[in-house]
Amino acid sequence: MSPSNRMSWDFLVPVCVGDLVKTGGINQYVVQDVVSPKQLPSSLRFRAALRSQGPSCILEHFDTGYSVLQHFNSVDLAVKEDTLELLIQVVGSLAVSLPALLASTSLSAAERKEKLNAVKMSIFLLCKLTESLESDSYRQSIVTAPGKGSKKGKSGGEGLMQWDSEREKVLQALIQLLQLDIRALWNLSLVEEEFISCVTCCCYKLLENPTISHVKSKPTRDCVIHLLGLLIKKYSHLLGASVKVIQLLQHFEQLSSVFAQAVFVWSTEYEVRAVIGEVIREIGQKSSEELAREGSGVKAFASFLSELSALVPELMIPNISVLITHLEGESHTMRVAVCEVLGEILVRVLCGDGLDESGKADRDRFFDTLQEHLHDTHSHVRARVLQVFTRIVNSKALPLCRYSEVMELAVGRLMDKSINAVKSAIQLLAAFIAHNPYSCKLSSADLKKPLAKETAKLREMKEKLEGKAPVAVIKASELWAAMEPELLVTVRTELEPRSDAEKEQQEEEEEAEEDDRATAVKIAQYLRLSQNLPPISQKDGDKEGEDGELKKQEMLVQYLRDTETFALQVERAISVINTMLYWKTTSVVQEAVQFCVTVCEFSVANSVSGVRKMLPLVWSTDAAIKDAVVQAYRRLYLNPQGDTVRMKAQTLVDSLSELMVDASLGTIQCLEEIWLGRRRCYYFTLHNHVTFRDYEMHASDVPCLKRFICFCGRFRAEREVVLSNLDTLCSVALGEKVTEDFLLARDTVITICSITDHVRVRQSKAAPFRLPQEHQLFTCLTQAVAEAQISVCFYKSAFTVFQQQTANESTMEEELGLIGASADDTEAELIRKICETELLAEENLLSAFLPLLVRVCSSPGRYSHPQLTTAACLALSQYMMISPSVCEENIRLMFTVLERSALPVVRANAIIALGDLTVRFPNILEPWTQNLYARLSDEVPSVRQTAVTVLTQLVLKDVLKVKGQVSEVAVLLIDPEPHITSLALNFFNELATKDNAIYNLLPDIISRLSDPERAMSSEDFNTIMKQLFSYITKERQTESLVEKLCQRFRTAKTERQWCDLAVSLSLLSMCERGFKRLQECWECYSDKLTEPGVYQPLLSITAKLRRGAKVQFKVPKTSIRSGSSPLTKYNKKDNITKTRHKTTKVRNKITKKRTNNASETKRKHKTRNNV
């Protein structure tokens, strides 16, 4: 239309862009001139008009901008950019010019219509062009994503980057204009719905971009949120926004966090709190069936609710009743979301002591709901609710009255089938321990005595109060009858006015309208002050004091009971979680290790048991588990505290030394592995800052010296540390009191061995380190050997080896001229030769003790002293370690000691020694392997524990070949000692990492365990086999085992063996190939099906396959469902009945025949006696 008649029309925002070229209504604007794409660059020239006419120039040049929209796919990118820039300038100019115009009182109708048309035209063109550019940039990003190196990709990327930078300018211009009160431009301030939809559609189009939730899109995201907030608050877009939020969440899951932030901004900054209610009401009205359908957006809804509750939990409470209905629905995702909303409310709103009665009621109701869903049917819900409780406990928002109840539920969840639920339960229990209001340092046993004492005291206080003389009770009617006359006189005398002044005072009181309560109080006060009444007794005050003391005592007793309950639950949790240290699931083991660290850090009673129990896991083949244990010990013992470097180093050595005191050999080896694996991390600190001088050790400080010697000997201390304190070592550990502690002397000798040059320059011809012959060390060693020959002979052996080594090192290298690997091999050969030929030669002092050791070990009746026998056995084993000939000569004696010694400590030491000998001389020990396995059934738990530990190391390090004797280890899976069970479980967990190891052993293990001579119960057999068959996961292994087990039916002799084989088959995770193999082997077990113990387990296999226990199993239709399987055919009622009837008939005949024979024999005997 021409400018001359531009005020005679109205611009109506169209629903579709194409509607503007159609004939409109009366005075409705219609596009007259759609410019072709070729003419658009020359036609797009209204910059001058913008400068001269201002934003009203859009009235004349609207058709040009509309033409760009019509030919958007055909015009060049430069034309689009110029059009966008001009439209942004127009909208910006309107935002600048409109405030003064709107404030003017002399605004004519024509001017108002002109500005209104300009606003609608410019915003329409800008929003539609923005939508088109957004769609185009998204298409370019998809097309150019695979070929980023191509030219097309580069140009598309540049256009996209330019649009990303311009998009924010568009939104800011719209916000600047719409935040003005432009509603005054419309009649009656009623803004048309099409205008609002034009802007909101542009906003929602931008939100559909997949990258809108990324960090780089934050400016655009914030602008869109604020623009929609303006439209909701000023332009009545509340209902439309609520519906659009739900629609977009259904289709775009990534918008959950965006809309959560948007609703938060709208409800707080724009104060439109009703939007929360509208959106939650829309979600609450979704039916359970609708949410269960795929593509319903349930994940987005759940994520939206969780994030919104974290932002505005207080605004969720009025609408929570709408959401709670989803707790009964089928969607577990929505149940999780609602539980998380309840958790946020409990943590941030309904917490503390300042709640009113309504708040407390809501809090209790929400806690009850969460506790109910700890037993939810879906494992994911149970795990997430446990995590919610963990956050509640960490935030200290759990009421004290619920501690015991929730903790009991958490301990119960440790038995959950879901791994995630178990891990979450462990985390919750750790949070309980870290934030408990009780004293964790006391065990339940320690609390029993003070609880009994305080309970008895409470009972005495109650009996004392109840035992007082009862007070005579007077009826109220009798009391009133007695006091009524006097009361009336007193009241009349005191309350009636006696003078004019009193009358005036009474009138004033009446005017004040004093109520009856005040009058009654006045009467009571007078009666109390009356002399006719007896004085107030002090008994009431004493009674109140006694009641207060009673309440305090009741509170104390209740506190002690709660503490005892908490301690019992903690002990139960520790015992259960300690068993999880040897589970197959790595993540559970890691959580269990972390729990043990937590309870140890908070000094919980019995917490050290878990820390000690996890120590053998440093040998685990799973790197994650090993690293978790190393990190745990590093955190507990290798994280020194102190103000200075010296104090930290001193604390570090103290911690390690404490671990070494009274530690077993296995514990020391594990600690060595941890220390040597992390040695470089701490060595600098120890090298430079740890000496005996730091400890200020003297001859009298024996305990501290003992710990430090143990540390230096085991962890290979530097020679400078030992050399600088050699005199102190000799005088204290090897001096006059050497007979008091031979272990200290042993560790001292091991420590002294570290003064040799471990790392030396081989090219250097410097003389080796040697002590002078008159040194105090040799005098002390000579005296020690003389005083206790048997106990110290090993120390002498170690020192002799060290002495001979250091005397010959330099000379040998000089003579042979060898360096590098060849020198090492030559040294090893020389040392071996010395050990085998020279150390135990007749002229050597050590050879004189060997007959004595053999005599003591072979005559336990004559030499029965426990310490003597123990020392002799250890010394003999060390002699056997030196020479193979000595080992062969005394190996039978050592195994005799192992089997027949009455001392458990001797048997345990013998197992360890024989384990070392197996490593040293495997060929000599190989025939005696069965005797080592026999100790797994020792009657003493400590011996069984030592045996399984030693055998685990030998088997896992491939020193011993894995054979059928492993069945003895399998028996330990049902050992009454939990620690031994854990070690056996760890053995099989590690063995399962070796290829086909357990698979190869299973048939032999089944045969040995089902042997009638062993007489193992069916329950124990099933328990062991269930654990072992859990390691069979490959289909080929399953198929092969089915065939092997079926073939063993032919050789099995007893019914019990048949039943064990059938149970073993039922425990296999049966696959299609395995079931086919079971059908092919029908002849092997068909004659055994009359036994219920065989028939029922095999029948359960078909039942599992029918139910489709596992989706990946494809059940053969022709074999099961059609009834063609031999086992299925046998399952017919008639066949079963006939077979059982025949079997019963035969048995009855045999029984009858036996009865008749017995009767005939008895009759003959009777006749013979009569004769």
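Since the structure is predicted, the reported quantities are computational estimates derived from the model, not experimental observations.

**Some points on the side chain of Glu-114**
Checked against the element boundaries, Glu-114 lands in helix α5 (residues 109-144). Overall, the relative accessible area of 17% leaves Glu-114 in the buried class. At 3.1 Å, the side chain of Glu-114 and the side chain of Ser-56 are in polar contact.

**Some words on the packing of helix α9 (residues 238-251) against helix α11 (residues 274-284)**
The contact between α9 and α11 brings their axes to 9 Å, and the two run at 40°. As the angle between them shows, α9 and α11 are arranged oblique. Considering only the axes of α9 and α11, their crossing is right-handed. Residues Leu-238, Leu-239, Ser-242, Val-243, Val-245 and Ile-246 of α9 lie in contact with α11, whose contacting residues are Ala-274, Val-275, Glu-278, Val-279, Glu-282 and Ile-283. Split by residue class, the contact of α9 with α11 holds 9 nonpolar, 1 polar and 2 charged.

**Brief notes about helix α13 (residues 298-311)**
Spanning 14 residues, α13 covers 20 Å between terminal C-alpha atoms, matching the ideal 20 Å at 1.5 Å per step. Among the residues of α13, those classed as buried are Val-298, Ala-300, Phe-301, Ala-302, Phe-304, Leu-305, Ser-306, Leu-308 and Ser-309.

**Things to note about the packing of aromatic side chains**
Applying the stated criterion to the full structure yields 13 aromatic pairs. Ring pairs connect the aromatic residues Trp-9, Phe-11, Tyr-29, Phe-62, Tyr-66 and Phe-124, which therefore count as one cluster.

**Regarding unusual backbone geometry**
Phi is positive for Glu-271, which is not a glycine, with a value near 55°. Tracing the backbone through its elements, the reader meets Glu-271 in the loop between α10 (256-268) and α11. The class of Glu-271 is exposed, set by a relative accessible area of 62%. The backbone phi angle of Asp-958 is positive, close to 60°, even though this residue is not glycine. Along the polypeptide, Asp-958 turns up in the loop between α45 (941-956) and α46 (966-971). For Asp-958, a relative accessible area of 57% corresponds to the exposed category.

**Concerning α11**
Among the residues of α11, those classed as buried are Val-275, Ile-276, Gly-277, Val-279, Ile-280, Ile-283 and Gly-284. Lining the buried residues of α11 we find α9, α10, α13, α14 (320-324) and α15 (332-348).

**As for the environment of Arg-413**
Examined against the element boundaries, Arg-413 turns out to sit in the loop between α18 (403-412) and α19 (419-434). Of the residues examined, Arg-413 reaches a relative accessible area of 15% and is grouped as buried. Put simply, Arg-413 and Leu-386 are 27 residues apart on the chain and 8.9 Å apart in space, counted from C-alpha to C-alpha. Ignoring anything within four residues of it in the chain, the contact list for Arg-413 reads Leu-374, His-375, Arg-382, Leu-386, Ala-421, Val-422 and Ala-425.

**Quick notes on the environment of Leu-991**
Along the polypeptide, Leu-991 turns up in helix α47 (residues 978-991). Residue classification places Leu-991 among the buried positions, given a relative accessible area of 0%. Ignoring anything within four residues of it in the chain, the contact list for Leu-991 reads Val-955, Leu-956, Val-962, Ala-997, Ile-998 and Leu-1001.

**With respect to the packing of helix α40 (residues 866-882) against helix α41 (residues 884-900)**
Packing of α40 against α41 brings their axes to within 8 Å, and their N-to-C directions diverge by 150°. Comparing their axes, α41 and α40 come out roughly antiparallel. Like other packed secondary-structure pairs, α40 and α41 cross with a definite hand, here left-handed. Note on element contacts: α41 touches α40 through Pro-884, Val-886, Cys-887, Asn-890, Ile-891, Leu-893, Met-894 and Val-897, opposite Cys-873, Leu-876, Ser-877, Tyr-879, Met-880 and Ile-882.

**A word on the pattern of salt bridges**
The tally for this structure, following the rule as stated, stands at 26 salt bridges. With a closest N to O distance of 2.7 Å, Lys-218 and Asp-222 form a salt bridge. Taken together, the residues Lys-218 and Asp-222, both in helix α8 (residues 218-234) and 4 residues apart, mark about one turn of the helix. The partly exposed category is assigned to Lys-218, whose relative accessible area is 43%. A residue is classified by how much of its surface remains accessible, and Asp-222, at 25% relative accessible area, is partly exposed. Between Asp-938 and Arg-935 there is a salt bridge whose closest N-O contact spans 2.6 Å. Residue class for Asp-938 comes out buried when judged on its relative accessible area of 2%. One connected set of salt bridges, linked through shared partners, spans Arg-907, Arg-935, Asp-938 and Glu-939.

Thresholds, definitions, all that
- Residues numbered from 1 in each chain as written.
- Predicted model: local features only at pLDDT ≥ 70, side-chain atom pairs only at ≥ 80, totals over all residues.
- Heavy atoms only, no water.
- Helix = DSSP H or I, 4+ residues; strand = E, 2+ residues; numbered from the N terminus.
- Buried < 20%, exposed > 50% of the residue type's maximum accessible area, 1.4 Å probe, protein only.
- Polar contact = N/O pair within 3.5 Å; in protein donor to acceptor, adjacent residues only side chain to side chain.
- Axes fitted to C-alpha atoms, helices over the stretch in contact; angles between N-to-C directions.
- Parallel < 35°, antiparallel > 145°, perpendicular 65-115°, else oblique.
- Left-handed = near helix turned anticlockwise from the far one by under 90°.
- Contact = heavy atoms within 4.5 Å.
- Nonpolar A, V, L, I, M, F, W, Y, C, P; charged D, E, K, R; others polar.
- Expected span 1.5 Å × (residues − 1).
- Phe/Tyr/Trp six-rings, centres within 6.5 Å; stacked < 30°, edge-to-face > 60°.
- Salt bridge = Lys/Arg side-chain N within 4 Å of Asp/Glu carboxyl O.

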